[in-house]
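Residue-level structural notes
Take a look at the letters that make up each chain.
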Amino acid sequence: MTTAGTPMPDGTGDFGSNSAYAVKLPIFEGPLDLLLHLIRIDEVDVTDIPIARIAEQYIAYLDLMRDLQLDIAGEYLVMAATLAWIKSRMLLPPDPSALHEEGADPRAELMARLLEYQRFKEVAGEIGERHLLGRDVFSASAHGVEATPEAEREIEVGVFQLVEAMRRMLGRAGYSGAAHEVETETITVRERMVAVMEALAGHGVCEFEALVREDDHWASRAVIVATFLAILELTRLEAIRLYQGVDEAGAPVGAIHVRRRGEAGDRGWAERVSELM
Amino acid sequence: MEREHERRIVEAIILASPEPIAPARIAAVLPQCNPSQVRARVDELNAEYAEQRRAFEIWEVAGGYQLRSLPEFAPYLKQIQTTRPLRLSPASLETLAVIAYRQPVTRAEIEQIRGVDAGAVLRSLLDRQLVRIAGHREVPGRPIVYATSRRFLEVFGLAKLGDLPTLRAIEALAEAGMAEEDDAPAPSAAAGEGADPLVDPDEEREPGEEQDAPAPSAAH
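Because the structure is a prediction, the values reported are computed rather than measured.

What follows covers the overall build of chain B. A count of helical and extended segments in chain B gives nine helices and five strands. Starting at the N terminus and walking to the C terminus, you meet the elements of chain B as α-α-α-β-β-α-α-β-α-α-β-β-α-α. For chain B, the proportion of contacts with a sequence separation of at least 24, taken over those separated by at least 6, is 58%.

All names here are of chain A. Remark: helix α1 (residues 31–42) packs on helix α4 (residues 108–128), axes separated minimally by 10 Å, with the N-to-C direction vectors making an angle of 95°. In terms of their interaxial angle, α1 and α4 are classed as roughly perpendicular. Judged by residue contacts, L32, D33, L35 and L36 of α1 engage R113, L114, Y117, Q118 and K121 from α4. Split by residue class, the contact of α1 with α4 holds five nonpolar, one polar and three charged.

What follows concerns the interface of chain A and chain B. Across the contact, 50 residues belong to chain A and 49 residues belong to chain B. Only α1, α4 and β6 (252–260) of chain A provide two or more residues apiece to the side of chain A that touches chain B. The element contributing the most residues to the side of chain A that touches chain B is α4(A), with 13 residues. Class assignment for the residues of the side of chain A that touches chain B results in 22 nonpolar, 13 polar and 15 charged.

The subject of this paragraph is the confidence of the model for chain A. Residues and elements named next belong to chain A. Looking at chain A, the pLDDT average stands at 75 and 67% of residues meet or exceed 70. Across chain A, element-level confidence peaks in α4 with a mean pLDDT of 92 and bottoms out in strand β1 (residues 152–154) with 63. Contacts from residues 1–23, a stretch scored under 50 in pLDDT, to residues over four places away or in other chains number 23 contacts.

What follows is about the nonpolar core. With 70 residues, the main nonpolar core has L35(A), I54(A), Y58(A), L114(A), A97(B), V98(B) and I99(B) as its most contacted residues. Those residues within four positions of L114(A) in sequence are excluded, and the remaining contacts are L32(A), L35(A), L36(A) and V46(A). Ranked by size, the runner-up nonpolar core spans 18 residues in total, among them V196(A), C206(A), A226(A) and F228(A).

Moving on, we get to the environment of R7(B). Residue and element names in this part refer to chain B. With respect to the element layout, R7 can be found in helix α1 (residues 3–16). As for R7 and V38, which are separated by 31 residues in sequence, their C-alpha atoms are 8.2 Å apart. Among all residues touching R7, those that are not within four sequence positions of it are R41, E44 and L45.

Once that is clear, we can look at α1(A). Note on helix geometry: an α-helix contains 3.6 residues per turn, so any two residues three or four positions apart are oriented the same way. Residue and element names in this part refer to chain A. The terminal C-alpha atoms of α1, which comprises twelve residues, lie 16 Å apart, in line with the 16 Å expected from a rise of 1.5 Å per residue. By the burial criterion, the buried members of α1 are P31, L32, D33, L34, L35, L36, L38 and I39. Once α1 finishes, E43 follows within two positions and takes phi at roughly 55°, a positive value.

Conventions we followed
Residues numbered from 1 in each chain as written. Chains lettered and ligands numbered in written order. Predicted model: local features only at pLDDT ≥ 70, side-chain atom pairs only at ≥ 80, totals over all residues. Helix = DSSP H or I, 4+ residues; strand = E, 2+ residues; numbered from the N terminus. Contact = placed C-beta atoms within 7 Å. Axes fitted to C-alpha atoms, helices over the stretch in contact; angles between N-to-C directions. Parallel < 35°, antiparallel > 145°, perpendicular 65-115°, else oblique. Nonpolar A, V, L, I, M, F, W, Y, C, P; charged D, E, K, R; others polar. pLDDT = per-residue confidence, 0-100. Core = buried A, V, L, I, M, F, W, Y, C linked by C-beta atoms within 7 Å. Buried ≥ 20, exposed ≤ 12 C-beta atoms within 10 Å, placed from the backbone. Expected span 1.5 Å × (residues − 1).

Structure below.
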């Protein structure tokens, strides 16, 4: 985590828009995370939080986020209200009739939540440091028979479901609204067919989504559309099969997997593509 | 059957298996061999690999055995990787941790613990099959409950859920104060928490370790 509150103009942006600044702020996972951070840098005891001071710092942080034109999620505002409420309760003289109520200390519930959250944050860090498959260690990948996990089965869908799937995918990629692509790309379905088969050259299987992503972001709208058509075409040519898991009720669930039919070296699909296009 | 030969057969089966293969399934192929003998052969194989300084070893994950490259080779293997490399954000890890220790758990419970909306993270974990829908809770609204999947155990290199590190007890956290929270996660504090579904001895993942009937079913 970086140190708090050091906005760093990167100087290269255009100054007219919202994106003029590249801001370096600690990334908090939510209001509880932010509170833990404030408590830690203040070196105060979580069981005896100086609410007034912490609340002030919390609000100051939200103001900073606002100044930097960052979106402040609703949860942060709810927490600000909670802190203000606790603060006001602490100012009141204790109500003798409420002494035996659970929550005599108005901070108790917040403290419990902070401690609970902290344990999960800790353990999340721990499990994240394990040797993860696909990141730190890789398994020997044998594929003799066309191995379909028992839980998955071939997808049976009609044309409307396909169009719907396509629309959903574009929506998730954030292309639902007005597009503002300026670069001209020339992408052919055929190129994407080759790319799909190349992606399948190794394992013989890959996730549908992986085909329309480049590293960490979605491919352009044009690539997604072309890839979608390429996959339909390859399925029709019997070069690939599409699988997806099903839940107890038999409804498709989870990632769609594209699997190669035939053997690794089989170039039959390429000929069929050439004949067609 | 000769022990040396038996060991080679176990090796071949694990090598050729597309996913972690249970000791019982291997034992079924070998005449007069029980799962615990399979485990012994795997231990011997791992000792052999270590002695010969091989680049791989056999892990016990998700109730089965799998041959995996040693972590030190990751930088090279990443460069020839054809699938999307695994990336897990802090938000994903936290959500996974909550699900792993509290399963079956509703979305509202996850959000209560983390203090933020969990929708997008849950969707991505479901997409990546690290999390599964484990049914509904029979309360008004019948909310969906989530649990970790077999794939979760595989990716995190866990033989079973009980091998997850122990969740530090709240009392221990409160006593230690917040000052050194980034330090050792004090595995000492375990007992006080009745709610944890995981009673775990050691977090060290040692392939071929003695494990009784692996049951990664996640239900409790």
